[in-house]
Amino acid sequence: MTDLTYSEYLQVDTLLSLQQPRSSGTADRAVVLAEHFFIVAHQSCELWLKQLAADLEAVVDTLASGSGAAGLELSVELLRRAGDLLRVLHEQVLVLERLPLRHFVEFRPLLGTASGAQSEQFGVLARLIGNDRRDGALYEAFVAAVARSGLSVAHVCRLGPEAGGLHRVAEALLDVGDGLLRWKVAHLGLMSRMVGGEQGTGGSSGIDYLLRRITLPFPELRYHRGELHPSELARSAG
Ligand code: HEM
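Now for the packing of helix 3 (residues 29-64) against helix 7 (residues 137-148). For the pair helix 3 and helix 7, interaxial distance at closest approach is 8 Å and the crossing angle is 20 degrees. Accordingly, the angle class assigned to the pair helix 3 and helix 7 is roughly parallel. Where helix 3 crosses over helix 7, the two elements pack in a sense that is left-handed. Where helix 3 approaches helix 7, its residues Leu56, Val59, Val60, Leu63 and Ala64 are matched on the opposing element by Ala137, Leu138, Ala141, Phe142, Ala145 and Arg148. Broken down by class, the residue content of the contact of helix 3 with helix 7 amounts to ten nonpolar, no polar and one charged.

With respect to the secondary-structure elements, alanine 170 resides in helix 9 (residues 165-195). Exposure remark for alanine 170: the relative accessible area of 5% places this residue in the buried category. In this structure, the C-alpha to C-alpha distance between alanine 170 and leucine 79, residues 91 residues apart in sequence, is 9.7 Å. If we skip the residues at most four places from it in the chain, alanine 170 touches Phe142 and Leu221.

Rules and cut-offs
Residues numbered from 1 in each chain as written. Predicted model: local features only at pLDDT ≥ 70, side-chain atom pairs only at ≥ 80, totals over all residues. Heavy atoms only, no water. Axes fitted to C-alpha atoms, helices over the stretch in contact; angles between N-to-C directions. Helix = DSSP H or I, 4+ residues; strand = E, 2+ residues; numbered from the N terminus. Parallel < 35°, antiparallel > 145°, perpendicular 65-115°, else oblique. Left-handed = near helix turned anticlockwise from the far one by under 90°. Contact = heavy atoms within 4.5 Å. Nonpolar A, V, L, I, M, F, W, Y, C, P; charged D, E, K, R; others polar. Buried < 20%, exposed > 50% of the residue type's maximum accessible area, 1.4 Å probe, protein only.

So this is what it looks like as structure tokens:
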């Protein structure tokens with residue numbers, strides 16, 4: 001048996017064959033390089049989204065399976081990793097601020113109607129996390145795990161660290177929700193500096209559309225945490 005090499009294991013040749021700037025051969029070198037940069041940033045996002053969605057799906061399954069303290073700890077580990085991956089995704093957006101506008105203007109028409117709004121993996125992530133109007137599968141699985149332990153989400157918030165693993169899961173869920181929020185804000189900033197008030201390639205109004213999509217996930221969790229403040233305690237006691 002021959003020794004497995006780094007590039008065989010990681011399929012580096014295949015991976016590096018996937019960046020195909022459409023401006024190649026028709027534009028000057030700086031424009032082709034800029035489009036290459038744009039492609040690498042988006043492809044990197046898709047790779048991390050794959051890991052992120054798989055990790056969060058595993059959290060849903062683990063919380064739903066009722067696997068006790070070990071299951072809660074695994075959920076915390078996976079949620080914390082997801083929170084950190086969202087930081088990486090945030091950086092992928094920030095790095096694109098180094099895309100020179102004059103070069104983007106040249107290759108943007110080549111994108112046609114292709115748009116990040118068509119990212120299936122982002123759709124999966126958004127459905128798992130949910131928004132301020134609709135809970136996602138993650139929160140539903142958390143509520144079920146809380147109910148199985150004979151508590152409510154309000155109890156878990158009130159108990160804080162005394163709620164143990166459920167408390168740590170709640171904290172890590174918020175890290176994930178806020179990570180997505182930060183990504184969306186950074187993406188809106190990037191989009192507005194790159195295209196201003198222009199429509200998106202996907203046909204949306206651009207800024208208004210993205211602004212409306214910035215919401216705070218896990219509203220119930222945030223609400224119950226707010227209830228811990230003295231003014232709220234007095235109001236609910238009175
Ligand atoms: C120059 C950089 C970028 C610009 C100008 C830009 C622009 C836009 C615009 C205008 C939209 C609204 C939909 C449309 O009409 O097309 C959008 C949505 C979106 N873009 Fe970007 N984008 C950029 C970079 C990125 C990157 C690096 C990613 C990473 C995958 C990304 C992912 C997305 C996603 C997931 C949506 C849907 C957001 C949602 O539904 O809340 N975009 N983008």
